[in-house]
Amino acid sequence: MTLLVKVVKIHLISEQFDKAGNRIDYKEVNKILWELQKQTREAKNKTVQLLWEWNNFSSDYVKASGIYPKAKDIFGYSSVHGQANKELRTKLILNSSNLSTTTMDVCKIFNTYKKEVWEGKRSVPSYKSDQPLDLHKDSIKLIYENNQFYVRLALLKKAEFAKYGFKDGFRFKMQVKDNSTKTILERCFDEVYKINASKLLYDQKKKMWKLNLSYSFDNKNISELDKEKILGVDVGVNCPLVASVFGDRDRFIIKGGEIEKFRKSVEARRRSMLEQTKYCGDGRIGHGRKKRTEPALNIGDKIARFRDTTNHKYSRALIEYAVKKGCGTIQMEKLTGITSKSDRFLKDWTYYDLQTKIENKAKEVGINVVYIAPKYTSQRCSNCGYIHKDNRPNQAKFRCLKCDFESNADYNASQNIGIKNIAKIIEKDLKKQKSEVQVNENK
Ligand SMILES: [Zn+2]
């Protein structure tokens, strides 16, 4: 197991709004950010000064007394880092976590070169004006909206932030230029990768701010997954997701209904809005009708966005379950193509979208996805293999006519779906049943 730490560089476009929803000019935002650069420089130089003074003090102290002084006795903090933070925190408008990241960084660098500085081989570090802004990992929040990544950065102390009247923090649109960057951001967003302390820099050439986003991941879980252990996933009508390992009573269920509920509430509003626009007429208010219809049409976007976010959440939870169970393979029914079930799915491509997201996230953690033919998996008894449509007295329930095995219908389907080479097994089951029927008829 190795922890890999990497950095991806992304240019940012300022997207600040005030409380009334008006866009704040990027020049105003730049002014604040440049001030923060100055303060970062000040913090760094002040920390170096403290470190240097402490170093000299310690040296004198040892010479005089034979023992090293304890920072705790002098500062009340166990290190210079604590003292630097205390002195700077009240003075500067920098977010405290970011400030602490900056001062910690300076302490680390100083300690690395302390000996060389002491011996006169290197000068005391001094920081110039265009310092990158340090970002504590908790100061970075990725946002995914409408197929676009944004980032919200906590840059100021809360009390300072309130003064500027921003609505939603320092929010930037991320300029994602290639697929590999997009994939990295998706994995950070899905928490497959962890975001670390990062840096915000000003790119003089492009006159833009640039985020050097640091992320890390390890491959511990991935190597422990057993390719022969299969998680059967039923993407269904009653529940959006039911998954289980064959022979395991434990199951993963997402009851869902969120998307449908959201869609209904939004569509009810849409209908009432369209009702109102009808009465506006066409000729009387010029282009009135077209204009008035617009907000109603945007509702479609809203539903799509909600569905997107919800499916991300569902698929992430499913993959977590697969990893927890040690499954190296996921089996699902192929939902495209002409099958007995296709119409019910294609009515609403939500399921197709969900399946695509599961597939993508599975690949990220090294889980194989195997698609199987969606025939008879809901009619087959996972206990004895008997296939009959009457095994399902209703949508939700499964009861085997032959062995009396009873269970939740989706769970039973997921059990079948999780069997290796299930398509061939079903073929055999059907042949066997056919011959049994013939034998019975010949009697
Ligand atoms: Zn049975």
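- An unreviewed UniProt entry lists the protein under the name Transposase, from Ruminococcus bicirculans.

## Observations regarding the pattern of salt bridges
So, step 1. Under the defined criterion, the tally for this structure stands at 25 salt bridges.
So, step 2. Measuring nitrogen to oxygen at the nearest pair gives 3.5 Å for the salt bridge that ties K46 to E87. Taken together, the residues span a long stretch of sequence, with K46 in helix 1 (residues 26-65) and E87 in helix 3 (residues 80-89) at a distance of 41 residues.
So, step 3. Given a relative accessible area of 26%, K46 falls into the partly exposed group.
So, step 4. With its nearest N and O atoms 3.3 Å apart, the salt bridge here joins E145 to R171. Separated by 26 residues along the polypeptide, E145 in strand 3 (residues 140-145) and R171 in strand 5 (residues 170-175) bring together distant segments of the chain.
So, step 5. For R171, a relative accessible area of 9% corresponds to the buried category.
So, step 6. A cluster of three or more residues bridged by salt bridges with shared partners is formed by D105, D134 and K199.

## Focus: the environment of D226
So, step 1. When you line up the elements, D226 lands in strand 9 (residues 226-234).
So, step 2. Taking the C-alpha atoms as reference points, D226 and C327, 101 residues apart in sequence, are found 5.5 Å from one another.
So, step 3. Sequence-distant contacts of D226, defined by excluding residues within four places in its chain, comprise G326, C327, G328 and T329.

## Some words on helix 4 (residues 96-118)
So, step 1. With 23 residues, helix 4 should reach 33 Å at 1.5 Å per residue; the first-to-last C-alpha distance of 31 Å fits that figure.
So, step 2. The largest bend along helix 4 reaches roughly 45 degrees and is located at T112.
So, step 3. Those residues of helix 4 not exposed but buried are N98, L99, T101, T102, T103, V106, C107, F110 and V117.
So, step 4. Buried residues along helix 4 sit against helix 1, helix 3 and strand 2 (133-135).
So, step 5. One side-chain oxygen at the N-terminal end of helix 4 lies 2.9 Å from the backbone nitrogen of S97; it belongs to N95.

## Some details on the sheet that holds strand 11 (residues 252-254)
So, step 1. Sheet architecture is open: 5 strands sit in the order 11-10-9-12-13, paired in mixed fashion. One side of each edge strand has no neighbouring strand; the edge strands of this open sheet are strand 11 and strand 13 (368-372). For this sheet, the mean angle separating the axes of adjacent strands, direction not counted, is 25 degrees.
So, step 2. Sheet topology places strand 9 next to strand 12 (residues 327-333); 5 bridges connect them, and they run parallel. Residue V233 lies in a different strand from strand 12, and its bridge partner there is M332.
So, step 3. Sheet strands touched by helix 11 (residues 350-364): strand 10 (241-245), strand 12 and strand 13. Its angle to strand 12, the strand with the most contacts, is close to 160 degrees.
So, step 4. Along the sheet, helix 12 (residues 409-417) makes contact with strand 9, strand 10, strand 12 and strand 13, crossing strand 10 at roughly 50 degrees.

Rules used in this analysis
- Residues numbered from 1 in each chain as written.
- Predicted model: local features only at pLDDT ≥ 70, side-chain atom pairs only at ≥ 80, totals over all residues.
- Heavy atoms only, no water.
- Salt bridge = Lys/Arg side-chain N within 4 Å of Asp/Glu carboxyl O.
- Helix = DSSP H or I, 4+ residues; strand = E, 2+ residues; numbered from the N terminus.
- Buried < 20%, exposed > 50% of the residue type's maximum accessible area, 1.4 Å probe, protein only.
- Contact = heavy atoms within 4.5 Å.
- Expected span 1.5 Å × (residues − 1).
- Bend = angle between axes of the 7 residues up to and from the residue.
- Polar contact = N/O pair within 3.5 Å; in protein donor to acceptor, adjacent residues only side chain to side chain.
- Pairing = 2+ DSSP bridges.
- Axes fitted to C-alpha atoms, helices over the stretch in contact; angles between N-to-C directions.

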